[in-house]
Amino acid sequence: KDPFMEKRSYRCSYPLNVEAMNKAEAQGPDFDMYSELLNVFNDKYAIFAYLIYAVIGLVIFSIWYYKGFVKKGPKVKIGEVVSVKSIAGTICIVVGLFFFTNAFMTLADKLIPQAMEEYAMMIETAGLVSDPAITIIYAIILGPVLEELCFRGVTYGLLEKAGLKPGIVILISSVLFGAMHLILIQVLYAAILGLFLGYLRYKYRSIKITIAAHILFNFTGTYISMLIDEHFAPSDAVVLIL
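Residues numbered from 1 in each chain as written. Predicted model: local features only at pLDDT ≥ 70, side-chain atom pairs only at ≥ 80, totals over all residues. Heavy atoms only, no water.

## Considering the pattern of salt bridges
The tally for this structure, following the rule as stated, stands at two salt bridges. The shortest N-O distance in the salt bridge between Glu80 and Arg205 comes to 2.7 Å. Placement of the pair is Glu80 in helix H4 (residues 78–81) and Arg205 in the loop between helix H9 (184–204) and helix H10 (208–231), with a sequence separation of 125 residues. The exposure class assigned to Arg205 is partly exposed, which follows from its relative accessible area of 43%. The salt bridge partner of Glu148 is Arg152, with a shortest N-O separation of 2.7 Å. Linking Glu148 with Arg152, this pair stays in helix H7 (residues 132–161), spanning four residues, or about one helical turn. According to the relative accessible area criterion, Glu148 is buried, its value standing at 0%. A relative accessible area of 0% means that Arg152 is categorised as buried. (Salt bridge = Lys/Arg side-chain N within 4 Å of Asp/Glu carboxyl O. Helix = DSSP H or I, 4+ residues; strand = E, 2+ residues; numbered from the N terminus. Buried < 20%, exposed > 50% of the residue type's maximum accessible area, 1.4 Å probe, protein only.)

Structure representation (structure tokens):
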């Protein structure tokens with residue numbers, strides 16, 4: 001029995017299947033339909049799913065954070081958050097984390113190459129790298145804002161209300177932030193990033209500066225890293241030293 005015969009009548013109802021079905025019929029029953037559907041989705045539809053997810057998440061967590069922790073919480077003036085010291089410190093933290101992440105990736109590539117292959121495959125199939133505009137909108141702007149509202153906003157606030165010590169609040173929120181990324185390499189470096197973002201949240205009592213730091217970190221990791229590799233191509237030893 002042809003396993004694809006019964007699915008042919010659904011082509012009009014499910015346009016995502018058309019391209020995959022054509023390949024399936026050409027290659028026969030050994031064809032991996034799930035993988036092909038995933039590839040088609042990532043190539044053509046994933047960017048829209050990311051944006052819808054981000055917008056819905058921003059609405060939900062913005063309302064939750066504002067009503068639960070800003071409206072009734074202590075007011076923090078912008079001058080207490082934005083200063084020469086806070087900006088310089090944030091930039092230094094981000095630059096340090098950028099070089100730390102590069103060194104971590106270099107070591108991981110040598111020690112746990114399978115995990116690095118999994119990470120590279122995830123980046124390649126995520127559907128973002130093919131569209132620079134979507135990368136900027138989602139990965140560098142919407143994503144960091146949403147994640148900060150969720151982890152340094154709502155999660156941090158709930159843990160703080162539970163009466164936990166600041167260090168424990170920072171640790172738990174950073175571990176959850178890392179775990180949310182699912183891929184081992186991302187889990188590890190995101191958890192470390194979360195520690196520093198949690199510290200900024202504690203020190204300045206606001207997520208404004210953590211949002212700025214997160215956006216800067218993602219921008220640096222996406223574009224500055226590419227520029228360094230393109231123009232300087234540092235060796236592994238140089239990356240580790242830096």
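## Observations concerning the packing of H9 against H10
Relative to each other, H9 and H10 sit at 150°, their axes nearing to 9 Å. Between H9 and H10, the crossing angle belongs to the class labelled roughly antiparallel. Viewed along their axes, H9 and H10 form a crossing whose handedness is right-handed. Across the interface between the two elements, Tyr189, Leu193, Leu197, Leu200, Arg201 and Tyr204 of H9 pack against Ile209, Thr210, Ala213, His214 and Phe217 of H10. Tallied by class, the residues present in the contact of H9 with H10 amount to eight nonpolar, two polar and one charged. (Axes fitted to C-alpha atoms, helices over the stretch in contact; angles between N-to-C directions. Parallel < 35°, antiparallel > 145°, perpendicular 65-115°, else oblique. Left-handed = near helix turned anticlockwise from the far one by under 90°. Contact = heavy atoms within 4.5 Å. Nonpolar A, V, L, I, M, F, W, Y, C, P; charged D, E, K, R; others polar.)

## As for a nonpolar patch on the surface
On the surface, Tyr34, Leu38, Phe41, Tyr45, Phe48, Ile52, Ile56, Ile60, Trp64 and Leu158 cluster together into a nonpolar patch covering about 1000 Å² of accessible area. Listed by contribution, the elements that provide at least two residues to the nonpolar patch are helix H2 (33–44) and helix H3 (46–70). If one sorts the elements of the nonpolar patch by residue count, H3 sits on top with five residues. Mapped onto the secondary structure, Leu38 falls in helix H2. (Patch = residues over 30% accessible without salt bridge, like charges linked within 9 Å, V, L, I, M, F, W, Y side chains within 5 Å. Areas by Shrake-Rupley, 256 points an atom, 1.4 Å probe, with all protein chains shown as cover.)

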